[in-house]
Amino acid sequence: MRRESFHIVIIGSGAGGGTMAHALAKTDVRILVIERGDYVPQEKENWDPAEVWKRLRYRTTEQWLDEKGEPFLPYTHYCVGGNSKFWGSVLYRLRREDFGALQHLDGVSPAWPIDYDTLEPYYERAERLYQVHGQQGVDPTEPSRGPYPHAAVPHAPQIAEMVERLKAQGLHPSALPLGLIRPGEKDGCILCNTCNSFPCKIHAKSDAEVCGIEPALKASNVTLWTNAQATRLLTDPSGKKVEAVEVIRNGETIRVEAPVFVVSCGAVNSAALLLQSANDKHPNGLANSSGLVGKRYMAHLATMMQGFHPFRKNTTVFQKTVAINDFYFRGPGANYPLGHIQTQGRTHGVMAQIVVPWIPLWAYDAWVARGVDWLVMSEDLPSEDNRVTVGRDGQIQLHYRANNLTAHNQLVAEMKRILRRLGFWAIVAHSHKNKNTTHQCGTLCFGTDPRASVLDPFCRTHDIDNLFVVDASFFPSSAAVNPALTIAAQALRVADHIAERSIW
Ligand SMILES: Cc1cc2nc3c(=O)[nH]c(=O)nc-3n(C[C@H](O)[C@H](O)[C@H](O)COP(=O)(O)OP(=O)(O)OC[C@H]3O[C@@H](n4cnc5c(N)ncnc54)[C@H](O)[C@@H]3O)c2cc1C
Ligand code: SF4
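These figures come from a predicted structure and were not determined experimentally.

Rules used in this analysis
- All residue numbers here refer to positions counted from 1 along the written sequence of the relevant chain.
- Going through the entries in the order they are written, you letter the chains from A and number the ligands from 1.
- With pLDDT at 70 or above as the cut-off, local features in this predicted model cover only qualifying residues; side-chain atom pairs require 80 or more to be listed or tallied, and sums for whole chains, interfaces and linings still use all residues.
- Side-chain calculation: all heavy atoms of the structure are included, whereas hydrogens and water are not.
- Aromatic pairing here means that ring centres of Phe, Tyr or Trp (its six-membered ring) are within 6.5 Å. Orientation follows from the plane angle: under 30 degrees is stacked, over 60 is edge-to-face, and everything else is tilted.
- Remark: a charge is flagged as sitting over a ring if the NZ atom of Lys or the CZ atom of Arg is within 6 Å of the ring centre and within 35 degrees of the ring normal.
- Here, the term disulfide refers to a pair of cysteine sulfur atoms separated by no more than 2.5 Å.
- Burial classes: relative accessible area under 20% of the type maximum marks a residue as buried, over 50% as exposed, and values in between as partly exposed (1.4 Å probe, protein chains only).
- Nonpolar cores are built from buried Ala, Val, Leu, Ile, Met, Phe, Trp, Tyr and Cys residues. Side-chain atoms within 4.5 Å join them into one set.
- Working definition: helices are DSSP H or I runs of at least four residues, strands are E runs of at least two. Numbering for both runs from the N terminus.
- Residue contacts are defined here by distance: any two heavy atoms, one from each residue, within 4.5 Å place the two residues in contact.
- Strand pairing is defined by DSSP finding a minimum of two bridges between the two strands.
- Under this scheme, a helix contributes an axis fitted over its contacting stretch, all axes are lines through C-alpha atoms, and angles between N-to-C directions fall in the 0 to 180 degree range.
- For this description, a residue counts as near a given molecule or strand if any of its non-hydrogen atoms is within 4 Å of it.
- Nitrogen and oxygen atoms within 3.5 Å of one another constitute a polar contact, given that in protein one can donate a hydrogen and the other can accept it, and given that sequence-neighbouring residues count only through two side-chain atoms.
- Residue-level accessible areas treat just the shown protein chains as cover; the underlying method is Shrake-Rupley with a 1.4 Å probe.
- For salt bridges, the criterion is a side-chain nitrogen of Lys or Arg within 4 Å of an Asp or Glu carboxyl oxygen.
- Three categories are distinguished: nonpolar for Ala, Val, Leu, Ile, Met, Phe, Trp, Tyr, Cys and Pro, charged for Asp, Glu, Lys and Arg, and polar for the others, with Gly belonging to the last.

1. Notes on the packing of aromatic side chains
In total, this model carries 17 aromatic pairs according to the counting rule given. The ring of Phe72 carries the charged tip of Lys435 above its face, separated from the ring centre by 5.4 Å. Against the face of Phe458 rests Arg493, its NZ or CZ located 4.1 Å from the ring centre.

Here you go:
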């Protein structure tokens with residue numbers, strides 16, 4: 001078997017791994033990024049709804065099993081930049097209270113081992129790296145912070161008018177924080193209607209390839225292997241150190257050795273890699289003395305909603321600029337958190353047709369042209385029954401039963417009332433339920449107690465000194481805003497920790 005050696009090996013090039021590679025590129029050590037997918041080509045199909053939604057051109061074809069053992073296609077992408085290539089680029093900080101224990105209807109959302117102030121300087125850096133546009137001081141749940149690096153993207157006229165009518169309802173709509181490169185400027189983001197769930201054809205989306213990997217590769221000490229899948233981490237005979245990772249690249253198995261390994265394969269695949277790497281010293285999977293590897297999987301409760309009015313054409317191209325956080329900590333008639341609401345990218349007829357295929361496309365196109373799209377999102381709570389397991393053949397199984405549904409349904413009902421007050425004639429709601437893996441997190445949670453967590457507060461495994469995990473796995477709770485900025489901020493914090501202590 002061919003052998004290679006580096007100082008730091010980062011496995012996965014998404015929000016966690018790509019940010020990590022960028023931050024460590026300034027060191028003079030040799031860094032290898034291993035990515036199982038390839039570059040997403042820049043091609044006309046990037047912005048073709050039929051290619052992206054019907055033919056699933058960029059999704060993985062890998063199947064996972066659900067809790068009943070039925071195969072399904074996870075909503076995930078294996079490519080340089082990972083799922084960040086397809087994100088809506090809504091880059092939120094968690095709320096200060098999300099770092100503490102929060103009582104929800106279905107139980108307690110547990111405290112994090114770090115507080116907001118610890119992560120705040122890294123949020124600031126992550127916002128600069130990902131060029132976040134926003135407006136400080138409007139959102140009632142906003143934690144203390146300085147100004148955004150870039151001014152908020154202005155609302156399109158129909159959205160601006162709707163914002164005024166939301167305010168008249170007593171709500172506090174705020175600007176969605178968005179990672180976009182020079183929106184509306186020459187050679188920048190053109191604020192199109194194919195952003196969320198589509199890759200950006202002109203590379204104007206702040207994703208982990210554009211903002212992380214590409215600049216990192218300009219440094220001579222960083223190497224990227226694409227089409228290279230890590231299949232197993234190998235420990236030394238004591239079991240206390242990872243010596244090497246086995247990688248399959250273009251049909252060849254390569255042993256890559258290093259003093260430091262950073263796993264960033266996404267919450268499901270990172271847990272799967274650790275479970276698959278079980279050996280005599282770690283019979284239940286690497287770093288699994290707590291028995292928690294793969295457990296406490298969370299993914300948010302998400303419902304897409306559309307307000308429809310037959311005589312009001314929605315001419316907005318880029319409508320994803322508004323958030324409503326009035327019910328984040330308590331709802332009308334509920335003394336517990338309900339969640340977060342944001343406008344979504346425009347729905348296209350082919351996307352809607354996937355739900356009920358017998359309705360003709362022209363009817364859908366006419367419908368969505370008169371609709372305004374929203375996403376309603378609530379926190380799901382960590383449960384050890386919700387977990388990732390791996391079969392002998394490496395097959396991933398996701399056991400997930402949603403909890404906190406009553407609070408989510410209350411938020412959906414409240415949003416229906418809000419949309420009716422805005423004058424919409426019909427409101428459509430749709431959820432991908434258990435199959436929505438886009439906001440996967442929590443499978444290797446961080447904490448101070450090795451019996452109750454897999455990672456320490458710097459995302460180093462309690463059991464293995466030279467093994468870090470920097471992706472969505474570390475979340476002890478899912479909060480109710482989009483996760484990626486927190487992944488990036490923690491990646492920067494862990495990178496500093498590794499660099500300052502020369503852990504290699
Ligand atoms: C359509 C869509 C829209 C979204 N919108 C938003 C949004 O607006 N805001 C937000 O905050 N979040 C959003 N998200 C979620 C966000 O993309 C994820 O939270 C984030 O990308 C997770 O980062 P990660 O590093 O954990 O994993 P990923 O970004 O998924 O990266 C994991 C990487 O590891 C690679 N990999 C996996 N296994 C292996 C292996 N064995 N060997 C080598 N490489 C491997 C994968 O190919 C991938 O590149 C969205 C997601 C989707 C799919
Ligand atoms: S041009 Fe802007 S809005 Fe369109 S996909 Fe790219 S980043 Fe998103």
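2. Section: the state of the cysteines
Counted under the stated rule, the structure contains zero disulfides. Free of any disulfide, Cys79 has its nearest cysteine sulfur in Cys265, 13 Å distant. For the unlinked cysteine Cys211, the closest cysteine sulfur is that of Cys200, found at 11 Å. We classify Cys211 as buried; its relative accessible area is 6%.

3. Some details on the nonpolar core
Judged by nonpolar contacts, the single largest core of 130 residues is most densely connected at Val9, Leu233 and Val245. With 10 residues, the single largest contributor to this core is helix H10 (residues 484-500). When neighbours within four sequence positions are excluded, Val9 is seen to be in contact with Leu32, Ile34, Val245, Val256, Ala258, Val260, Phe261 and Val262. Counting residues in hydrophobic clusters, the runner-up holds 26 residues, among them Met305, Val412, Leu419 and Phe424.

4. Quick look at the sheet that holds strand E23 (residues 426-430)
With respect to topology, six strands assemble into an open sheet ordered E10-E18-E19-E20-E17-E23, the strand pairing being antiparallel. Bordering the open sheet on either side are strand E10 (174-175) and E23, each of which pairs with just one other strand. The pairing of strand E19 (residues 340-343) with strand E20 (residues 371-378) spans four bridges and is classified as antiparallel. If you follow Thr343 over to E20, its bridge partner there is Trp374. Most of the contacts of helix H9 (residues 405-421) go to E20, to which it runs at about 155 degrees, and overall it touches strand E17 (301-308), E19, E20 and E23.

5. Examining the site of ligand 1
Lining the immediate environment of ligand 1, one finds 38 residues, of which Gly16, Glu35, Asn83, Val90 and Ala484 sit closest. Contacts to ligand 1 include Asn83, whose side-chain N or O atom sits 2.8 Å from an oxygen atom. Between Val90 and ligand 1, the recorded distance is 2.8 Å, taken from a backbone N or O atom to a nitrogen atom. Starting from 1000 Å² of accessible surface for ligand 1 in isolation, the protein chains cover 96%. Those elements that place two or more of their residues in the shell around ligand 1 are helix H1 (15-24), strand E13 (228-235) and H10. With three residues, E13 is the largest single contributor of residues to the shell around ligand 1.

6. Some details on the environment of Leu119
By secondary structure assignment, the location of Leu119 is in helix H3 (residues 116-129). Overall, Leu119 belongs to the buried group, its relative accessible area being 0%. C-alpha separation for the pair Leu119 and Leu94, spaced 25 residues apart in sequence, amounts to 9.9 Å. Once residues within four sequence positions are removed from consideration, Leu119 is found in contact with Phe99, Ile114, Thr486, Ala489, Gln490 and Arg493.

7. Things to note about the pattern of salt bridges
Evaluated as defined, the whole model comprises 27 salt bridges. The partner of Glu124 in a salt bridge is Arg128, with the nearest N and O atoms 3.7 Å apart. Separated by four residues within a single helix, Glu124 and Arg128 lie in helix H3, roughly one turn from each other. Here Arg145 and Glu127 are joined by a salt bridge, their closest N and O atoms 2.8 Å apart.

8. Overview of the site of ligand 2
Surveying the vicinity of ligand 2 reveals 13 residues, the closest of which are Cys189, Ile190, Cys192, Cys195 and Cys200. Taken together, the residues of the shell around ligand 2 break down into 11 nonpolar, one polar and one charged.

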